[in-house]
Amino acid sequence: MSSDLTRPPPSLPPNLPPHIPYSRDLQQRLYLIAQHARRGLHPGTTSISGAARRALDQLHAQLLINGFHRKRFLLAKLLSLAAAAADLPRAESLFLSASSPSPSPSPQHPPAPPTLANLLLRAAAASRAPPRQLLSLFSRLVCHHGFRPNAFSFSALFAALAHAGAGALPHGSALHASALAGGFARSSSYVTTSLVDMYAAAGQLRDARKVFDETPDRTAATWNCMLSAYVRCRELDAALRFFAEMPTRDAVAWTTLIAGCANAGRAAEAVELFWSMRKARVKDDSVTIVALLTACADLGDLRLGRWIHARVDQQQRTVSLDNALIHMYVKCGAVEDASRVFLEMPARSTISWTTMIYGLAVHGRAEEALELFHGMEERPDGATLLAVLWACSHSGKVDEGRKYFERMERVYGITPEVQHYGCMVDMLCRSRRLHEALELAETMPLQSNEAVWGALLSGCKREDNLELAAKVTDRLIELQPDRAAGHLVLLSNMYAGVGQWGQARIVRERVAALNAGKPAGGSWLNQNQTSILVA
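Because the structure is a prediction, the values reported are computed rather than measured.

K.L.:
In this structure, what is going on with the overall build of the protein? I would like to understand it.
P.N.:
Per the secondary structure count, the protein includes 28 helices and two strands. Put simply, the protein has 535 residues, and 46% of those count as buried. Counting only contacts in the protein whose residues sit at least 6 apart along the sequence, the fraction spanning at least 24 positions is 63%.

K.L.:
How should I be thinking about unusual backbone geometry in this particular structure?
P.N.:
When glycine is set aside, most residues are seen to have a negative phi, and most peptide bonds are trans. If you check the backbone angles, R234 has positive phi at about 60 degrees while not being a glycine. For R234, a relative accessible area of 58% puts it in the exposed group. Phi angles above zero are rare outside glycine, and R432 is one such case at about 70 degrees. With respect to the helices and strands, the residue R432 is situated in the loop between α23 (418–430) and α24 (434–443).

K.L.:
Got a minute to help me understand helix α22 (residues 398–410) in this structure?
P.N.:
Along its 13 residues, α22 runs 19 Å from first to last C-alpha, staying within 8% of the 18 Å computed at 1.5 Å per residue. Residues of α22 that are buried include every one of V398, G401, Y404, F405 and M408, and no others. Down the axis, α22 shows its buried residues gathered within 120 degrees of arc, on one side only. Pointing more than 90 degrees away from the buried face of α22 are the exposed residues D399, E406 and R410. Of the surrounding elements, those touching the buried residues of α22 are α20 (366–374), α21 (382–393) and α23.

K.L.:
What exactly am I supposed to notice about the nonpolar core here?
P.N.:
Proteins that are soluble and globular tend to have nonpolar side chains buried together. In this structure, F158, M226, M328 and V425 are the most contacted members of the largest nonpolar core, which totals 162 residues. Setting aside residues up to four positions removed in sequence, M328 forms contacts with L293, C296, A297, L302, G305 and R306.

K.L.:
Explanation requested: the side chain of T222 in the structure shown.
P.N.:
With respect to the helices and strands, the residue T222 is situated in helix α11 (residues 220–232). Judged by relative accessible area, T222 falls into the buried class, the value being 1%. A distance of 3.0 Å separates polar atoms of two side chains, one belonging to T222 and the other to T219. Excluding its chain neighbours within four sequence positions, the residues that come into contact with T222 are S189, T192, T193 and F212.

K.L.:
What should I look at first to understand the packing of aromatic side chains in this one?
P.N.:
What describes a pair of aromatic rings is the distance from one ring centre to the other and the angle between the planes of the rings. Counted according to the given criterion, the structure contains 16 aromatic pairs. Ring centres of F274 and W275 lie 5.4 Å apart, and the angle between their planes is 55 degrees; this geometry places the pair in the tilted category. Ring geometry for F274 versus W307: centroids 6.4 Å apart, planes at 70 degrees, classification edge-to-face. Here the residue F274 occupies a position in helix α14 (residues 267–279), and W307 occupies one in helix α16 (residues 302–311), the gap between them amounting to 33 residues. Here F274 falls in the buried class, since its relative accessible area comes to 0%. Given the relative accessible area of 33%, W307 is considered partly exposed. Within the aromatic cluster, the residues linked to one another by ring pairs are F138, F154, F158 and F184. Over the ring of F212 we find R218; its NZ or CZ atom is 4.4 Å from the centre of that ring.

K.L.:
Help me understand the environment of S352, please; the structure alone is not making it clear to me.
P.N.:
Tracing the backbone through its elements, the reader meets S352 in helix α19 (residues 350–362). Overall, the relative accessible area of 0% leaves S352 in the buried class. In sequence terms S352 and A324 are 28 residues apart; their C-alpha atoms lie 8.9 Å from each other. Residue contacts for S352: discarding those within four places in its chain leaves V319, N323, F342 and M345.

K.L.:
Help me understand the pattern of salt bridges, please; the structure alone is not making it clear to me.
P.N.:
A side chain of one charge can pair with a side chain of the opposite charge if their charged atoms are brought near each other. This structure, assessed with the given rule, holds 19 salt bridges. The partner of D284 in a salt bridge is R311, and the shortest N-O contact between them spans 3.2 Å. In this pair, D284 sits in the loop between α14 and α15 (286–299) while R311 sits in helix α16, placing the two residues 27 residues apart along the sequence. With a relative accessible area of 31%, R311 lands in the partly exposed category. A salt bridge links R402 to E436; its shortest N-O distance comes to 2.2 Å. One end of the pair, R402, is in helix α22; the other, E436, is in helix α24, and 34 residues separate them in sequence. Taking the relative accessible area as the measure of exposure, E436 reaches 34% and is therefore partly exposed. Each of R186, K210 and E214 takes part in salt bridges that share partners, so that together they form one network.

Conventions and cut-offs
- Residues numbered from 1 in each chain as written.
- Predicted model: local features only at pLDDT ≥ 70, side-chain atom pairs only at ≥ 80, totals over all residues.
- Heavy atoms only, no water.
- Helix = DSSP H or I, 4+ residues; strand = E, 2+ residues; numbered from the N terminus.
- Buried < 20%, exposed > 50% of the residue type's maximum accessible area, 1.4 Å probe, protein only.
- Contact = heavy atoms within 4.5 Å.
- Expected span 1.5 Å × (residues − 1).
- Arc of directions from axis to C-beta.
- Core = buried A, V, L, I, M, F, W, Y, C linked by side-chain atoms within 4.5 Å.
- Polar contact = N/O pair within 3.5 Å; in protein donor to acceptor, adjacent residues only side chain to side chain.
- Phe/Tyr/Trp six-rings, centres within 6.5 Å; stacked < 30°, edge-to-face > 60°.
- Lys NZ or Arg CZ within 6 Å of the ring centre and 35° of its normal.
- Salt bridge = Lys/Arg side-chain N within 4 Å of Asp/Glu carboxyl O.

Quick look at the structure:
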């Protein structure tokens, strides 16, 4: 945080007239302009657009020029705009124009207005300031501006620390002590839920449960937050037991558990919970439907997916829900249905384009996937380029794939990750360029993983390049010693396939020495006769 709240407030421009006549109409107009600008910023915005920055500049200038820099209702509205846009330097400047540093409040130096100080804390939280800087700002507000924090102050800070994860735990514990000293940690449901969420985000489920157990008056939000903590920490069995103990179960509780099961690979349980939710006559919403569609995609249950799609109200339709529909249809093999949903979307996100590009590519329609990418209206991300590389790899377009790979950083500003290199290795192997693939795997700037070397081993198997396969197998065993037997069995089978029985026997002896077997595959069938192979 570049600025320091202990410095005096910024001086006004030297040529400003000493007195500006009072104007209620002008103040009201500025207030309405700020309110209109605030509505134009979506919740959760972390970067300020050019238009929003200009609006802030102009409104701030109008406050200074017209002598309204100490009108708190205008400052509060402008601070709210700065907080929504995560413009922390602006928020600090506005706050300092209304509050002078004073360690001990007096009639000459009143304490910082709680509303303005809380808006400044909200701006700091929205800007994703590091935990140390958040607490430093809080400390300066209390020590130098006489700020008396309230429940809103602590809940905003705990929510911000939750975004920082485990790294914020020491700072969160210190702030928890302050909240206890002020009497807010147990008396305010907002502070309690934020505390539970913060400890869960840090993986401290026991501390989260301790806060919950020590809360005297638990609201539905408190129960839901604790349930979410179990799900967040992937303690689904404990979450199911806790859910059964809840005095009331609203749509939020049901959806939290359904989403938790769906995202943890327990899709069948997620669907079962949905039917129980309907029996309990609890109305679902778009978030519930998104979680349920995720479960359908994992199960490959196209019949249930189409039933869900048919009952979705047009008013429930959101970009996230449409994305979930596209994903479900793609995973179930119904690419035409996915394409229809995509084309009917009134607004699309990068995820919409990426899912559709991947869906076309994975179902053998690489040309259409690349054509869709060329017409993409949103800025692509790493996942989009991965889908494009996958399309090139499975359609033999090696040169085109190289072009996209080389453009990632230069044109799109995306640094290739290990999965992009893995896809390039696979692409080169499929085009029988094994030595180029090996060179890329050995010289890539990132630490190569088993996926990269596994793609190279598959290429060696296709080309019967046993000398290179032996080297690649040794590298895979270094990366995955627990799966050494499986890799060695594959190499032994490659030797046997070309009649090199002596080499095959030597490798088999290595397997016997490991006293382990090749990881087995399995398959299962759902009620709608959709088979899924799990290898």
